[in-house]
Amino acid sequence: MASPYMFDSDAQGKPQLSDVLAKEKSASIAMDAILRSEALVRAISGDSADFAQGLTLLLPTNRAFQSLDEIPDDLELTMKRHFVPQVITPQQMEDGISVYAYGRVARLRFKVSQGKTFVQADKRAPVEVRGAGTHAGSGTYFLVDQLFV
């Protein structure tokens, strides 16, 4: 399915999260899923009132999608579980912050165990949050190797 959304990753000026994500090769499948949703495209482009407080994206890697037997029927809903309508810092994650994902579709709880940061979506198994966070525009993203399905 062709996407009607295009990002200019060579644009001048302060980059938006969408510009940085367009270059994230380890999450190209997630980007394809995001590009299928106007609401999610607006979020990563900094053009959504729902994300006026910023955005933290727990970006699923290609490995997350490849580990599934099949792609979820409601991929947009699944991806919304990875979008948090506020910026969360690594320190807040270490402190055990608990927040709602976009549209309150899941409650996300962060914790640290054995020096690693994890996020748990509702009662699903905890997933490791990788990296220190990449920031651009009004958002930050971290990588995760599992989908919150």
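Residues numbered from 1 in each chain as written. Predicted model: local features only at pLDDT ≥ 70, side-chain atom pairs only at ≥ 80, totals over all residues. Heavy atoms only, no water.

Draft legend 1. Here's a closer look at the overall build of the protein. The helix and strand inventory of the protein stands at six helices and seven strands. Going residue by residue from the N terminus, the α and β elements of the protein occur as α-α-α-β-α-α-β-α-β-β-β-β-β. Overall, the C-alpha framework of the protein stretches about 40 × 35 × 25 Å when taken along its three principal axes. The buried share of the protein, taken over its 149 residues, is 42%. (Helix = DSSP H or I, 4+ residues; strand = E, 2+ residues; numbered from the N terminus. Buried < 20%, exposed > 50% of the residue type's maximum accessible area, 1.4 Å probe, protein only.)

Draft legend 2. Quick peek at the nonpolar core. Among the nonpolar cores identified, the biggest contains 24 residues, and Leu 21, Ile 34, Ile 44, Leu 57, Leu 59, Met 79 and Phe 83 are the most heavily contacted of them. At the level of elements, α1 (17-21), α2 (28-35), α3 (38-44), β1 (55-60), α4 (62-66), α5 (75-80) and β7 (139-144) are the ones that each hand at least two residues to this core. Top contributing element to this core by residue count: α2, with four residues. If near-sequence neighbours (up to four positions away) are discounted, Leu 57 is found in contact with Leu 21, Ile 34, Ile 44, His 82, Phe 83, Thr 140, Tyr 141 and Phe 142. (Core = buried A, V, L, I, M, F, W, Y, C linked by side-chain atoms within 4.5 Å. Contact = heavy atoms within 4.5 Å.)

Draft legend 3. Quick peek at α2. Within the sequence span of α2, burial applies to Ala 30, Met 31, Ala 33, Ile 34 and Leu 35. Buried positions along α2 lie against α1, α3, β1, α4, α5 and β2 (83-84).

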